Amino acid sequence: MTLAAAALAANALAADLAAGKKKVEEICAACHGIDGAKPTTPEYPKLAGQYPDYLAKALRDYKSGARKNPIMAGMAATLTDKDIENVAMYFYVQPSELASRY
Ligand code: HEC
(Lines give C-alpha, C1' and ligand atoms only; values in the text may rest on other atoms or scores of the structure.)
Protein backbone atom coordinates (compact mmCIF):
# COMPACT_ATOMS: atom_id res chain seq x y z
CA MET A 1 0.00 0.00 0.00
CA THR A 2 1.37 3.44 -0.86
CA LEU A 3 1.53 6.20 1.72
CA ALA A 4 -1.26 8.07 -0.06
CA ALA A 5 -3.48 4.98 -0.05
CA ALA A 6 -2.73 4.39 3.63
CA ALA A 7 -3.63 7.99 4.43
CA LEU A 8 -6.91 7.64 2.53
CA ALA A 9 -7.69 4.38 4.30
CA ALA A 10 -7.12 6.09 7.63
CA ASN A 11 -9.46 8.92 6.58
CA ALA A 12 -12.07 6.38 5.51
CA LEU A 13 -11.98 4.93 9.01
CA ALA A 14 -12.31 8.39 10.60
CA ALA A 15 -15.27 9.30 8.39
CA ASP A 16 -18.66 7.78 9.14
CA LEU A 17 -19.73 6.18 5.85
CA ALA A 18 -23.18 5.18 7.14
CA ALA A 19 -23.88 8.76 8.22
CA GLY A 20 -22.55 9.96 4.87
CA LYS A 21 -24.88 7.62 3.02
CA LYS A 22 -27.86 8.80 5.06
CA LYS A 23 -27.16 12.45 4.17
CA VAL A 24 -26.76 11.54 0.52
CA GLU A 25 -30.09 9.67 0.55
CA GLU A 26 -31.81 12.63 2.21
CA ILE A 27 -30.39 15.43 0.08
CA CYS A 28 -27.84 14.71 -2.64
CA ALA A 29 -29.24 11.59 -4.36
CA ALA A 30 -32.06 13.61 -5.97
CA CYS A 31 -29.47 15.10 -8.36
CA HIS A 32 -26.19 13.20 -8.07
CA GLY A 33 -27.73 9.71 -7.68
CA ILE A 34 -27.41 7.52 -4.59
CA ASP A 35 -23.92 6.29 -5.53
CA GLY A 36 -22.81 9.52 -7.24
CA ALA A 37 -22.05 7.57 -10.42
CA LYS A 38 -25.34 8.06 -12.27
CA PRO A 39 -26.58 11.63 -11.86
CA THR A 40 -30.28 12.12 -12.65
CA THR A 41 -29.45 14.52 -15.51
CA PRO A 42 -26.14 15.18 -17.33
CA GLU A 43 -25.92 18.70 -15.81
CA TYR A 44 -25.21 17.20 -12.42
CA PRO A 45 -21.58 16.13 -11.99
CA LYS A 46 -20.53 12.59 -11.17
CA LEU A 47 -19.05 12.42 -7.70
CA ALA A 48 -18.35 8.69 -7.26
CA GLY A 49 -14.64 7.94 -7.09
CA GLN A 50 -13.63 11.60 -6.93
CA TYR A 51 -10.88 12.36 -4.42
CA PRO A 52 -12.38 13.07 -1.00
CA ASP A 53 -10.19 16.10 -0.34
CA TYR A 54 -11.40 17.60 -3.63
CA LEU A 55 -15.06 16.91 -2.78
CA ALA A 56 -14.69 18.30 0.74
CA LYS A 57 -12.96 21.45 -0.54
CA ALA A 58 -15.69 21.99 -3.15
CA LEU A 59 -18.35 21.71 -0.44
CA ARG A 60 -16.52 24.04 1.94
CA ASP A 61 -16.06 26.54 -0.90
CA TYR A 62 -19.75 26.46 -1.85
CA LYS A 63 -20.58 27.00 1.81
CA SER A 64 -18.19 29.95 2.20
CA GLY A 65 -19.08 31.44 -1.19
CA ALA A 66 -15.53 31.02 -2.54
CA ARG A 67 -17.08 28.80 -5.24
CA LYS A 68 -20.30 30.23 -6.55
CA ASN A 69 -23.25 28.13 -7.60
CA PRO A 70 -26.76 28.96 -6.40
CA ILE A 71 -27.90 25.32 -6.24
CA MET A 72 -24.88 23.96 -4.38
CA ALA A 73 -24.63 26.96 -2.06
CA GLY A 74 -28.03 25.98 -0.69
CA MET A 75 -27.05 22.32 -0.36
CA ALA A 76 -23.69 22.98 1.29
CA ALA A 77 -25.23 25.45 3.74
CA THR A 78 -27.05 22.54 5.42
CA LEU A 79 -23.86 20.50 6.00
CA THR A 80 -21.64 20.57 9.08
CA ASP A 81 -17.86 20.02 8.75
CA LYS A 82 -18.39 16.42 9.87
CA ASP A 83 -21.18 15.92 7.29
CA ILE A 84 -18.81 17.20 4.60
CA GLU A 85 -16.12 14.72 5.66
CA ASN A 86 -18.65 11.87 5.71
CA VAL A 87 -20.30 12.53 2.34
CA ALA A 88 -16.93 13.17 0.66
CA MET A 89 -15.61 9.81 1.86
CA TYR A 90 -18.90 8.07 1.01
CA PHE A 91 -18.74 9.26 -2.61
CA TYR A 92 -15.02 8.47 -2.87
CA VAL A 93 -15.46 4.79 -2.01
CA GLN A 94 -18.28 4.24 -4.55
CA PRO A 95 -17.34 2.27 -7.68
CA SER A 96 -16.65 4.72 -10.50
CA GLU A 97 -15.39 5.14 -14.02
CA LEU A 98 -13.64 8.32 -12.82
CA ALA A 99 -11.29 6.53 -10.44
CA SER A 100 -7.85 5.17 -11.25
CA ARG A 101 -6.57 4.30 -7.83
CA TYR A 102 -4.89 0.97 -8.56
C1 HEC B 1 -30.79 20.17 -6.97
C2 HEC B 1 -29.68 19.35 -7.47
C3 HEC B 1 -28.50 19.09 -6.56
C4 HEC B 1 -28.52 18.56 -5.29
C5 HEC B 1 -29.73 18.10 -4.47
C6 HEC B 1 -27.12 18.45 -4.87
N7 HEC B 1 -26.30 18.89 -5.86
FE8 HEC B 1 -24.24 18.91 -5.81
N9 HEC B 1 -24.21 19.80 -7.64
C10 HEC B 1 -25.32 20.19 -8.37
C11 HEC B 1 -24.88 20.97 -9.51
C12 HEC B 1 -25.78 21.60 -10.56
C13 HEC B 1 -23.47 21.04 -9.43
C14 HEC B 1 -22.49 21.81 -10.36
C15 HEC B 1 -22.28 23.19 -9.74
C16 HEC B 1 -21.13 23.96 -10.31
O17 HEC B 1 -21.05 24.11 -11.53
O18 HEC B 1 -20.27 24.41 -9.50
C19 HEC B 1 -23.08 20.29 -8.24
C20 HEC B 1 -21.76 20.14 -7.82
C21 HEC B 1 -21.37 19.44 -6.69
C22 HEC B 1 -20.01 19.23 -6.29
C23 HEC B 1 -18.76 19.69 -7.04
C24 HEC B 1 -18.37 18.63 -8.04
C25 HEC B 1 -17.14 18.95 -8.84
O26 HEC B 1 -16.79 18.11 -9.70
O27 HEC B 1 -16.50 19.99 -8.63
C28 HEC B 1 -20.04 18.52 -5.13
C29 HEC B 1 -18.85 18.02 -4.33
C30 HEC B 1 -21.44 18.29 -4.82
N31 HEC B 1 -22.21 18.86 -5.78
C32 HEC B 1 -21.87 17.60 -3.70
C33 HEC B 1 -23.21 17.52 -3.32
C34 HEC B 1 -23.63 16.97 -2.06
C35 HEC B 1 -22.71 16.36 -1.01
C36 HEC B 1 -24.99 17.10 -2.01
C37 HEC B 1 -25.92 16.73 -0.88
C38 HEC B 1 -25.64 17.36 0.40
C39 HEC B 1 -25.41 17.70 -3.28
N40 HEC B 1 -24.29 17.96 -4.03
C41 HEC B 1 -26.72 17.96 -3.63
C42 HEC B 1 -26.63 19.85 -8.09
C43 HEC B 1 -27.09 19.31 -6.90
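Located above this text is the structure these notes cover.
Attention in this report is confined to the structure presented alongside it. This is a predicted model, so every value here is computed, not measured.

Quick look at the coordination of the iron atom of the ligand now. All of the protein donors around the iron atom of the ligand are His-32 (NE2) and Met-72 (SD); their distances to the metal are 2.0 to 2.2 Å. Here the iron atom of the ligand binds six donor atoms, and the angle range of 84 to 178 degrees at the metal identifies the geometry as octahedral. Taken as a pair, His-32 in helix H2 (residues 17-32) and Met-72 in helix H4 (residues 70-77) lie far apart in primary sequence, 40 residues in all. Summarising the burial analysis for this pair, His-32 and Met-72 share the class buried.

Surrounding the ligand, one finds 18 residues, the nearest of these being Cys-28, Cys-31, His-32, Tyr-54 and Met-72. His-32 places a side-chain nitrogen or oxygen 2.7 Å from a nitrogen atom of the ligand. Between an oxygen atom of the ligand and a side-chain N or O atom of Tyr-62, the distance comes to 2.6 Å. For the shell around the ligand, a count of residues per class yields 15 nonpolar, two polar and one charged.

Here H2 is 16 residues long, yet its end C-alpha atoms lie only 17 Å apart, well below the 22 Å a rise of 1.5 Å per residue gives. Listed as buried for H2 are Gly-20, Val-24, Cys-28, Ala-29 and His-32. Taken together, the buried residues of H2 touch H4 and helix H5 (81-92). For H2, the capping residue at the N-terminal end is Asp-16, with a side-chain oxygen 3.2 Å from the backbone nitrogen of Ala-18.

Where helix H3 (residues 52-64) meets H5, the axes come as close as 8 Å, and the angle between the chain directions of the two elements is 140 degrees. Taken as axis vectors, H3 and H5 run oblique relative to one another. Crossing of H3 over H5 shows right-handed handedness. Contacts from Pro-52, Leu-55, Ala-56, Leu-59, Arg-60 and Lys-63 of H3 reach H5 at Asp-81, Ile-84, Val-87, Ala-88, Met-89, Phe-91 and Tyr-92. Class assignment of the residues belonging to the contact of H3 with H5 gives a composition of 10 nonpolar, no polar and three charged.

The rules we used
- Residues numbered from 1 in each chain as written.
- Predicted model: local features only at pLDDT ≥ 70, side-chain atom pairs only at ≥ 80, totals over all residues.
- Heavy atoms only, no water.
- Donors = N, O, S within 2.8 Å, 3.2 Å for Na, K, Ca; no water.
- Tetrahedral: all angles 85-135°; square planar, octahedral: opposite > 155°, others 65-115°.
- Helix = DSSP H or I, 4+ residues; strand = E, 2+ residues; numbered from the N terminus.
- Buried < 20%, exposed > 50% of the residue type's maximum accessible area, 1.4 Å probe, protein only.
- Near = heavy atom within 4 Å.
- Polar contact = N/O pair within 3.5 Å; in protein donor to acceptor, adjacent residues only side chain to side chain.
- Nonpolar A, V, L, I, M, F, W, Y, C, P; charged D, E, K, R; others polar.
- Expected span 1.5 Å × (residues − 1).
- Contact = heavy atoms within 4.5 Å.
- Axes fitted to C-alpha atoms, helices over the stretch in contact; angles between N-to-C directions.
- Parallel < 35°, antiparallel > 145°, perpendicular 65-115°, else oblique.
- Left-handed = near helix turned anticlockwise from the far one by under 90°.

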